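Structural overview
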Amino acid sequence: MILCAGEALIDMLPRLSQANEPAFAPVAGGSVFNTAIALGRLGTPVRFFTGLSTDLFGMRLEAALAESGVDAALAARADRPTTLAFVELVDGHAKYAFYDENTAGRMLAPADLPAPAALHDVAALFFGGISLVVEPCASAYEALALREAAGKLVMLDPNIRPSFIRDEAAYRARIGRMLAVADIVKVSDEDLEWIVGPGTLAAQAEKLRAMGPVLVCVTRGKDGVTAFRDGAPVEVASTPVEVVDTVGAGDTFNAGVLAGLARAGKLAKSAVPGLMDEEIAVALDLGARAAAITVSRAGANPPTAAELDL
């Protein structure tokens, strides 16, 4: 069982109305939400923990989770609004404007965390996205990661959005503490440079590994992904597709990696240091193939296991 812990929100995606006027369509989203959805569609047992609104958008999020086989029973329900993210697509790449004040997701507090006993069957936890930027939810997710890391695999995708960060020093400190307990970290090449500064890819990855994680996966869009650990790096090529947009690509990749490890029987903290080249490559390839399908269609719409012939 995998627990995805982080934001669920509504992406307001640009569309044209029937009158050919600019409009926005509400679509369930959020980085960690997308990863949970992708895991559910890949047939991997998954739960989702977040601050979930009881408003109409919260009901839409809950319905989307159920439809993809994601268990949201642990979510903390609150009579607060749902976070909205208005999306602008520039050359197929998404830019966001977040409306997040006093929302159910943002106001999640450490007191809302599930009890340790509720996670007795959870083997791995996934964290990331904007939920690690703003308070009080960022402190809640950090507390959960630090509490559970001793016995459970922790995967982290910081998914850095510099324009959303208001207190860079506090954010860097939090990411540093979470990196120290993470087993697997996925970053884009842009994320990597933001965290450790400029340098060669290998040097940057080793700086990141020195902060704690055993396995660092660096995605480079059409140039594929490279995993760094003790020993030689493992590289996997991207799957060529016609890109519609990149919304949810990294989130889907994360799900593919976790699903790949689960399918190999390696979804355990103790298994990560001993992963063989082929096991890493298979997990990365599943992530890359799943992400390729996501970018080939509009919005964050991860593939099912059947679409990947699993």
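Residues numbered from 1 in each chain as written. Predicted model: local features only at pLDDT ≥ 70, side-chain atom pairs only at ≥ 80, totals over all residues. Heavy atoms only, no water.

Below, the discussion takes up the sheet that holds strand S13 (residues 225-228). The eight strands lie next to each other as S4-S1-S9-S10-S11-S12-S13-S14, forming an open sheet whose pairing is mixed. Sheet topology places strand S4 (46-49) and strand S14 (234-236) at the edges, where each strand pairs with a single neighbour. Neighbour-to-neighbour, the strand axes of the sheet open up by a mean angle of 20 degrees, direction not taken into account. Pairing geometry for strand S9 (residues 124-128) and strand S10 (residues 153-157), over five bridges, is parallel. Counted as the bridge partner of phenylalanine 126 is methionine 155 from S10. Seen against the sheet, helix H6 (residues 201-209) touches strand S11 (184-188), strand S12 (215-219) and S13 and runs at an angle of roughly 45 degrees to S13. Set on the sheet, helix H7 (residues 249-263) makes contact with strand S1 (2-5), S9, S10, S11, S12 and S13; between it and S11 the angle comes to about 155 degrees. (Pairing = 2+ DSSP bridges. Helix = DSSP H or I, 4+ residues; strand = E, 2+ residues; numbered from the N terminus. Axes fitted to C-alpha atoms, helices over the stretch in contact; angles between N-to-C directions. Contact = heavy atoms within 4.5 Å.)

In this section: helix H5 (residues 189-196). Here H5 has its buried residues at Asp191, Leu192, Trp194, Ile195 and Val196. Contacts made by the buried residues of H5 are with S10, helix H4 (168-181), S11, H6 and S12. Among the residues trailing H5, glycine 197 stands out with phi positive, at a value near 95 degrees. (Buried < 20%, exposed > 50% of the residue type's maximum accessible area, 1.4 Å probe, protein only.)

Okay, unusual backbone geometry next. Trans is the prevailing form of peptide bonds, just as negative phi is the prevailing case for residues other than glycine. The residue after glutamate 135, namely proline 136, is reached through a cis peptide bond having omega 5 degrees. By secondary structure assignment, the location of proline 136 is in the loop between S9 and helix H3 (137-148).

We now examine the packing of H3 against H4. Packing of H3 against H4 leaves a shortest axis separation of 10 Å and a crossing angle of 20 degrees. What the angle tells us is that H3 and H4 run roughly parallel. The handedness of the crossing between H3 and H4 is left-handed. Residues Ala138, Ser139, Tyr141, Glu142, Ala145 and Leu146 of H3 touch H4, and the partners they reach there are Arg174, Arg177, Met178 and Val181. A per-class count over the contact of H3 with H4 returns six nonpolar, one polar and three charged. (Parallel < 35°, antiparallel > 145°, perpendicular 65-115°, else oblique. Left-handed = near helix turned anticlockwise from the far one by under 90°. Nonpolar A, V, L, I, M, F, W, Y, C, P; charged D, E, K, R; others polar.)

Burial of the side chains of S1 extends over both faces: Ile2 and Cys4 are buried on one face and Leu3 and Ala5 on the other. Looking at chain direction, S1 and S9 are connected through four bridges and run parallel. In the sheet register, cysteine 4 faces S9, and the bridge partner there is phenylalanine 126.

Side chains of nonpolar character tend, in soluble globular proteins, to be buried together. Within the largest apolar cluster, 53 residues are counted, with the highest numbers of intra-cluster contacts made by Cys4, Phe33, Leu39, Phe48, Ile184, Leu215 and Leu284. Here the element with the most residues in this core is helix H8 (residues 277-295); it accounts for eight residues. Those residues in contact with leucine 215 that lie beyond four places of it in its chain are Asp183, Ile184, Val185, Ala227, Phe228, Arg229, Val272, Leu275 and Ile280. Counting residues in hydrophobic clusters, the runner-up holds 44 residues, among them Val134, Ala145, Met178 and Val218. (Core = buried A, V, L, I, M, F, W, Y, C linked by side-chain atoms within 4.5 Å.)

Looking at the secondary structure, you find alanine 97 in strand S8 (residues 93-99). Owing to a relative accessible area of 33%, alanine 97 belongs among the partly exposed residues under this scheme. Measuring from C-alpha to C-alpha, the distance between alanine 97 and alanine 76 comes to 25 Å, with 21 residues separating the pair along the chain. Apart from residues no more than four positions distant in its own chain, alanine 97 is found in contact with Leu84, Ala85 and Phe86.

Next up on the list: H3. At 3.6 residues per turn, the α-helix brings residues three or four places apart onto the same side. An ideal rise of 1.5 Å per residue puts 16 Å on twelve residues; H3 measures up with 17 Å between its terminal C-alpha atoms. Tucked into the core, H3 has its buried residues touching S1, S4, strand S5 (51-53), S9, S10 and H4. (Expected span 1.5 Å × (residues − 1).)

Right, let's get into the environment of leucine 119. Relative to the elements of secondary structure, leucine 119 occurs in the loop between S8 and S9. Once the C-alpha coordinates of leucine 119 and isoleucine 160 are considered, the two residues, 41 residues apart in sequence, prove to be 28 Å apart. Those residues in contact with leucine 119 that lie beyond four places of it in its chain are Leu3, Leu74, Pro114, Leu144, Arg147, Glu148 and Lys152.

Functional significance is not addressed by these values, which are geometric in nature.
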